Amino acid sequence: MSDSRPIGVFDSGLGGLTVLRELEKVLPGESFVYFGDTGRVPYGNKSNETIINYARQDENFLISKDVKYIVAACGTVSAVALSTADALPVPFMGVVENSVRDAVNCTKNKKIGVIATSATINNGAHKRLIKTYLPEAEVVTVPCPLFVPLVEEGWVSADDEVVLGTIRRYLAPLIEAGVDTLILGCTHYPVLKSAIRRAIGEDVMLINMGYSTARAVAEELKHLDLLSDKTEPPTCEFYVSDVTTAFPKIAKLLLGEEIENDKVNLVDVSKYEGCTN
Ligand code: DGL
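Caption draft 1: How the structure looks around the overall build of the protein chain. When helices and strands are counted, the protein chain shows eleven helices and ten strands. Its C-alpha radius of gyration of 18 Å places the protein chain within 12% of the 19 Å reference for a compact globule of 277 residues. Principal-axis analysis of the C-alpha atoms gives the protein chain an extent of 50 × 40 × 40 Å. For the protein chain, with 277 residues in total, the buried portion stands at 55%. For the protein chain, the proportion of contacts with a sequence separation of at least 24, taken over those separated by at least 6, is 78%. In the structure as shown, the protein chain presents an accessible area of about 12,100 Å², 50% of it carried by carbon and sulfur atoms.

Printed below as a string of structure tokens:
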């Protein structure tokens, strides 16, 4: 059996394009439908109720596009709103679980750091899961709310003193604790990788949740016999809840390639209530 329907990927905004980028690398024969909730981003400083409500609508929208699988590319949704996946008629994967597994497999000194949005860190999902796999681990978690705006401004260079200074300030407790593995628990952080690397040093393993998740999705699709056997080239459709002037610049930075305007569709996602609860 095979399934040529697309894989649905969603995020609070455009950050999830870093996860889509990894999925496209690992699954070059698959088509994708990406939804970015650009009209309601950020999720990372909202209440759990709001995040859960938004995640449901995002998922229902993707279901309406007849996807065969859903990836919640958003770190915040994956930490706070995982329960919304229970009602879905298709398999689902978030970005927390597999990045935690990779971190647990990588650490030598059992000191693992996690950086993410405030909602993700407050939820504690990474810490709980790390402790399940490795009870003796020391887990240091730090919310880094200024990282997303930095990336959305295009300020990502390790040579920029504002970027490096901000990163150094947030990472200080992790450096002090001597973590040897750091989970980048938010969609935007891979773009800051070289600046984070400069601040934390060469010896710390940086875990890209998009890469961890893409490999796990590929394995699961294979296991479920859901890989596409389509011979025509795969497609990627983009949907957003708002198109801003900054869209092309941010999309290029996060996805690594241009998204032409005629490929971007506007959707009123708040209409997609009620299929799951
Ligand atoms: N996509 C979010 C995440 O990975 C970051 C942006 C936001 O706060 O919505 O947590």
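From this point on, the discussion continues.
Caption draft 2: Expanded view of the site of the ligand. In the neighbourhood of the ligand, the contacting residues comprise D11, S12, V41, P42, Y43, G44, C74, G75, T76, T117, C186 and T187. In the environment of the ligand, a nitrogen atom lies 2.8 Å from a nitrogen or oxygen atom belonging to the side chain of D11. In the model, an oxygen atom of the ligand is placed 2.9 Å from a nitrogen or oxygen of the G75 main chain. In the complex, the protein chains occlude 99% of the 290 Å² of accessible area that the ligand would expose alone. For the shell around the ligand, a count of residues per class yields five nonpolar, six polar and one charged.

Caption draft 3: Focus on the sheet that holds strand β5 (residues 111–116). Spatial strand order, β6-β5-β7-β8: four strands in an open sheet with parallel pairing. At either end of the open sheet lies a strand with only one pairing partner, and these are β6 (138–143) and β8 (205–208). This sheet shows a mean twist of 20° between the axes of neighbouring strands, independent of strand direction.

Caption draft 4: Up close: the pattern of salt bridges. Per the counting criterion, the structure on display carries ten salt bridges. Among the ionic pairs, R5 bridges to D66, the shortest N-O distance being 3.0 Å. Of this pair, R5 sits in the segment before β1 (7–11) while D66 sits in the loop between α2 (48–64) and β3 (69–72), and the two are 61 residues apart along the sequence. Where R40 meets D37, a salt bridge forms, and the shortest distance between an N and an O atom there is 2.7 Å. Across the pair, exposure class does not vary: R40 and D37 are buried alike. One salt-bridge network, held together by shared partners, links D3, R5 and D66.

Calculation notes
Residues numbered from 1 in each chain as written. Predicted model: local features only at pLDDT ≥ 70, side-chain atom pairs only at ≥ 80, totals over all residues. Heavy atoms only, no water. Helix = DSSP H or I, 4+ residues; strand = E, 2+ residues; numbered from the N terminus. Rg over C-alpha atoms; globule rule 2.2 N^0.38 Å. Buried < 20%, exposed > 50% of the residue type's maximum accessible area, 1.4 Å probe, protein only. Contact = heavy atoms within 4.5 Å. Areas by Shrake-Rupley, 256 points an atom, 1.4 Å probe, with all protein chains shown as cover. Near = heavy atom within 4 Å. Polar contact = N/O pair within 3.5 Å; in protein donor to acceptor, adjacent residues only side chain to side chain. Nonpolar A, V, L, I, M, F, W, Y, C, P; charged D, E, K, R; others polar. Pairing = 2+ DSSP bridges. Axes fitted to C-alpha atoms, helices over the stretch in contact; angles between N-to-C directions. Salt bridge = Lys/Arg side-chain N within 4 Å of Asp/Glu carboxyl O.

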